[in-house]
Amino acid sequence: MMPHVLTRSLDRAATTFVVVVAACGILIPLSNLLLPVGSVFQVPTYLVALWGKYVCYAILALSIDLIWGYCGILSLGHGAFFALGGYAMGMYLMRQIGTRGVYGNPILPDFMVFLNWQKLPWYWYGFDMFPFAALMVVVVPGLLAFGFGWFAFRSRVTGVYLSIITQAMTYALLLAFFRNDFGFGGNNGLTDFKDILGFNVQADGTRAALFALSCLFLIVAFLLCRAIVTSKLGKVLIAIRDAESRTRFIGYRVESYKLFVFTLSACMAGVAGALYVPQVGIINPSEFAPGNSIEAVIWVAVGGRGTLIGAALGAIVVNYAKTFFTSGVLAPYWLFMLGALFILVTLLLPKGIVGTFNSWRMPMRQKTIAADAVSAAREDGVSEPKMAEQGP
């Protein structure tokens, strides 16, 4: 049943997107590992890690587009779920350091030894096992989203008010994780990772494998979102987005639908954060900054809200531009450029890059379909109907 649903949800554009991502996930790691250094087609390791970060951002953008583009929930705090997933993975990576840390303590991470912690906090238990850490990557953001959404949607908080309280939530987490006595490394966060599943995090093969895994999860997240938005559930979500009061009036439990999709979106963001941390090599409280969540919303707006493909494309394009412009003389002005980009897209391309392209292509596609229908009718010997002659 599930393969049929996924196949039915794929059109030509979606199939092309999946094929392109799969090709990148295979060819880029092979190019990095098999081709000699200096070859024109050899992808350097630093680019593999950089593009892997872009892919993680694309997964985060998909999670935002699912709730904003199709359900009308504008969250300005999704960076919190991304960061929580990253911290869950970071805790596992810290437990793998063991005696190779600066202080050589087999149990306590270096920052705990430095702060004179006598024993490991209870909420660190179990993170020495990868299955438990992988479960927490999904469970922790999901539980926070479920609890937050339960109260917010049950109280019928919508629109700008919901956006403000999601931003307040991530800012509260930012302040909490900055505290040294919170047990997560304070301002410095978690870093100096050594191994993941027994493999050196810095090794070329590990980085290539993480990139391929990120592409795989991007495909899975995209297929999951496509299956949702093209199903009956997706039609109800769009109805909630366009006319929430009418949807509630005809008998749908709007709060339940919004809670489900909000929780699922948070879990996707947590997975993106977990894939992001070993490729970047650090996770600290700055990931909770409200500006990061706002920037992620801009990715979706630039690429095209309510298109999925546009959300992923927007994340990659904007972050590539950020990498390019923040490495030169324009670095101090990047935030101004980002704001100007958002304003220009809102005024000139309100549907985003992909949405505008689709709106331009639709009339041409309809003309082509009509011309094909007329041509087929003529080949079958059917003439066009003539208007009846009017009498004097």
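Described below are features of the structure shown in this document. All of these numbers come straight from a predicted model, not from anything done at the bench.

**Overview of the packing of aromatic side chains**
Given two aromatic rings, one states the distance between the centres and the angle between the planes to describe the pair. One pass over the structure, following the stated rule, counts 24 aromatic pairs. Ring geometry for Phe 146 and Trp 150: centres 6.4 Å apart, planes at 25°, overall stacked. Highlighted residues: Phe 146 and Trp 150, both in helix H6 (residues 130-154), separated by four residues, approximately one helical turn. Aromatic pair Phe 153 and Phe 262: ring centres 5.6 Å apart, planes at 90°, arrangement edge-to-face. Pair noted here: Phe 153 is in helix H6 and Phe 262 is in helix H11 (residues 254-280), with a separation of 109 residues, a long-range link. Counting every residue linked through ring pairs, the aromatic cluster contains Tyr 87, Phe 111, Trp 122, Tyr 123, Trp 124, Phe 177, Phe 182, Phe 184 and Phe 288.

**Remarks on helix H2 (residues 12-34)**
Over its 23 residues, H2 extends 32 Å from the first C-alpha to the last, a length consistent with the 33 Å expected when each residue adds 1.5 Å. Summarising the contacts, the buried residues of H2 are in contact with helix H3 (45-71), helix H8 (204-229) and helix H13 (309-325). The N-cap of H2, judged by a side-chain oxygen 3.4 Å from the amide nitrogen of Ala 13 a few residues on, is Asp 11.

**Some thoughts on a nonpolar patch on the surface**
Side chains of Ile 26, Leu 27, Leu 30, Leu 33 and Leu 34 sit close together on the surface and give an oily, nonpolar patch of about 510 Å² of accessible area. By secondary structure assignment, the location of Leu 34 is in helix H2. Note on Leu 34: relative accessible area 64%, which makes it exposed.

**Topic: unusual backbone geometry**
One can expect most non-glycine residues to show negative phi and most peptide bonds to be in trans. A positive phi angle, near 60°, is found at Asp 192, a position not held by glycine. Among the secondary structure elements, Asp 192 is positioned in the loop between strand E1 (190-191) and strand E2 (195-196).

**Quick look at H6**
Side chains that are three or four residues apart share a direction in an α-helix, a result of its 3.6 residues per turn. Look at H6: 35 Å from first C-alpha to last across 25 residues, which is about the 36 Å you get at 1.5 Å a residue. At Met 136, H6 is bent by approximately 30°, the largest bend along its length. Of the residues one or two after H6, Arg 156 is the one with positive phi, at around 60°.

Rules used in this analysis
- Chains are numbered independently. Their residues run from 1 in the order of the written sequence.
- With pLDDT at 70 or above as the cut-off, local features in this predicted model cover only qualifying residues; side-chain atom pairs require 80 or more to be listed or tallied, and sums for whole chains, interfaces and linings still use all residues.
- Note: side-chain values were computed over all heavy atoms of the structure, leaving out hydrogens and water.
- Each Phe, Tyr or Trp ring, with Trp reduced to its six-membered ring, pairs with another whose centre is within 6.5 Å; inter-plane angles below 30 degrees give stacked pairs, above 60 give edge-to-face pairs, and intermediate values give tilted ones.
- Comment: elements are numbered from the N terminus, with helices defined as DSSP H or I runs of at least four residues and strands as E runs of at least two.
- One fewer than the residue count of a helix, multiplied by 1.5 Å, yields its expected span.
- Throughout, a residue-residue contact means that at least one pair of heavy atoms, one from each residue, lies within 4.5 Å.
- In protein, a polar contact means a hydrogen-donor-capable atom and an acceptor-capable atom, both N or O and within 3.5 Å, with residues adjacent in sequence counting only if both atoms are side-chain atoms; elsewhere, any N or O pair within 3.5 Å suffices.
- Residues forming no salt bridge and having over 30% relative accessible area are the ones grouped into patches, like charges within 9 Å of each other and nonpolar side chains (Val, Leu, Ile, Met, Phe, Trp, Tyr) within 5 Å.
- Using a 1.4 Å probe, accessible areas were evaluated by the Shrake-Rupley method; residue-level cover was limited to the displayed protein chains.
- Only one rule defines a salt bridge in this text: a Lys or Arg side-chain nitrogen within 4 Å of an Asp or Glu carboxyl oxygen.
- To sort residues, take the accessible area from a 1.4 Å probe on protein chains only and compare it with the maximum for the residue type: under 20% means buried, over 50% means exposed, and anything in between is partly exposed.
- Two axes enter the bend calculation: one fitted to the seven residues ending at the residue in question, the other to the seven starting there, and the bend is the angle between them.

Purely geometric stuff here, so don't read any function into it on its own.
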